[in-house]
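Structure at a glance
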Amino acid sequence: MIASNDKVVLALIGAGGRGTQLILSMLQCTSGVEVKYVCDVDESRGGNAVQELSRLQGYKPVKVADMRTVLDDKDVDAVVIATPEHWHALAMVRACRAGKDVYVEKNVCLSFEEGRKMIGAATENSCVVQCGTQNRSAGYAYAAKEYLSSGKLGKIVAVKTYCMLPGTRKWVLKPDTPAPVGLDWDRWLGPAEQVPYNVSRHKAWSDWWAYSGGGAMSGDASHVVDLARLVLGDPQLPRNVFCAGGRVIFDDERDIPDNQTVVFDMGDYPLTLESSQYGDYLEKTPQEVRFSDRFPEWRTNSTRIEIYGTEGLMYLGRHGGGWQVFGKDWELLAEKTGFFPDEAHHKNFIECIRSRKTTNAPIREGVMSANMVNLANLSYRSGKKLIGIDPVTETITGNEEAVRLDKRTYRDGYQL
């Protein structure tokens, strides 16, 4: 155990915009934190992180391209993984086996097997793991959970979640080219299939099944689904899943759909998800709401949750949106404002590294929420067919194509 006044040494793996935000926040959210490494396979990335870290902590972190350098260093207590999604599982399993605690961004895994391996690696090596689902560090989320569990909303009969992001634009597949100088393309691909360099893969990786669970789905809808699961008491996987949709706005060459409607059969109630990219009249919860005592305009909020009970309707917003409950004739029955929980989430991770307590977003719940998104995508990709789930074994039933698609392949040298 690290004493409360001992320093925690971190390393960043994946130094893009989100990774830079994470590591700077963790350095500043509490005392006694240092960052020794910034790791990225692309030499052009990580400069801002190195510059700011140098200024804040008084010495320059080491910039490396191979995460094995980080994992082999006994000084490093924990790593922050903010790579493209296809690297999340392998990077976390490697880190846990090296004895490191882990912060791993969402969506944490892209298959059931990956999720099981991640849970196993964390458990077997007694690692502290925080998933990047920061709504689990929002006080207002737990207040909403308490309100629901009190029975004041009545019996829950339906839950509707939304990730209807504003706008999209036509996508054009660029031709293959040599990889840019300074980018290790083989290592960027990692466990994914070996293919020639293409900027449309590199810079738009969330548009490919090989590297992600889909931009709107795994990048944003995962937050909404995870928050819904939290306030509902973290239910187990659904009994059945069905997803319809397609490329509705632009029929271009992207792998992923831009519009998906999902129905999860949770047993006592249905949980639906609308994931899309169109319409400038839709917007995420704005900054002036996330950091204030205001509420979103629920009707056009891109990422709202609606929980219907026999006694009222709860609107719930992620990332600081707060919640309100309305009854008959739009009577306001209860409400609680929210605050963007990023810093609280990062602070919780550092505190748990020291205390060895379970984090607010443990790997088990991160995997469960990720698999909700993965099941939706598997239903869509298998021909918009129904998927059943065995609740005991947490395995897919009744859809052989979905089972096949869930079995990701890993290149030699990059196996789980």
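See the structure above.
Residues numbered from 1 in each chain as written. Predicted model: local features only at pLDDT ≥ 70, side-chain atom pairs only at ≥ 80, totals over all residues. Heavy atoms only, no water.

Re the environment of M314
- Tracing the sequence through the fold places M314 in strand 12 (residues 313–317).
- Taking the C-alpha atoms as reference points, M314 and D406, 92 residues apart in sequence, are found 34 Å from one another.
- If near-sequence neighbours (up to four positions away) are discounted, M314 is found in contact with A144, Y147, L148, L153, I305, E306, I307, W323, Q324 and V325. (Helix = DSSP H or I, 4+ residues; strand = E, 2+ residues; numbered from the N terminus. Contact = heavy atoms within 4.5 Å.)

Side note on the packing of aromatic side chains
- Counted according to the given criterion, the structure contains 13 aromatic pairs.
- Measuring from ring centre to ring centre gives 4.9 Å for W185 and Y197, while their planes differ by 80 degrees; the resulting arrangement is edge-to-face. Pair noted here: W185 is in helix 7 (residues 185–189) and Y197 is in the loop between helix 7 and helix 8 (199–202), with a separation of 12 residues, a long-range link.
- Between F291 and F340, the aromatic rings sit 5.6 Å apart at their centres with planes inclined by 70 degrees, giving edge-to-face as the arrangement. With a gap of 49 residues between them, F291 in the loop between helix 10 (287–290) and strand 11 (304–309) and F340 in the loop between strand 14 (332–336) and helix 11 (342–355) connect regions that are remote in the sequence.
- Ring pairing ties together the aromatic residues W185, W188, Y197 and Y211, which thus form one cluster. (Phe/Tyr/Trp six-rings, centres within 6.5 Å; stacked < 30°, edge-to-face > 60°.)

Side note on helix 12 (residues 363–381)
- In this model helix 12 runs 26 Å from its N-terminal to its C-terminal C-alpha over 19 residues, within 8% of the 27 Å that 1.5 Å per residue would give.
- Trailing helix 12 by a residue or two, G383 shows a phi angle of about 100 degrees, which is positive. (Expected span 1.5 Å × (residues − 1).)

What to know about the pairing of strand 4 (residues 78–81)
- Residue alternation in strand 4 divides its side chains into two sets, A78 and V80 and V79 and I81, and both sets are buried.
- Across four bridges, strand 1 (residues 8–13) lies against strand 4 in parallel orientation. Within strand 4, the residue paired with A11 across the bridge is V79.
- Pairing analysis gives four bridges linking strand 4 to strand 5 (residues 101–104), with the strands arranged parallel. Bridge pairing links I81 to V104 in strand 5.
- Read from strand 4 through helix 4 (residues 88–97) to strand 5, the crossover connection turns out right-handed. (Buried < 20%, exposed > 50% of the residue type's maximum accessible area, 1.4 Å probe, protein only. Pairing = 2+ DSSP bridges. Right-handed = clockwise from strand over helix to strand, strands pointing away.)

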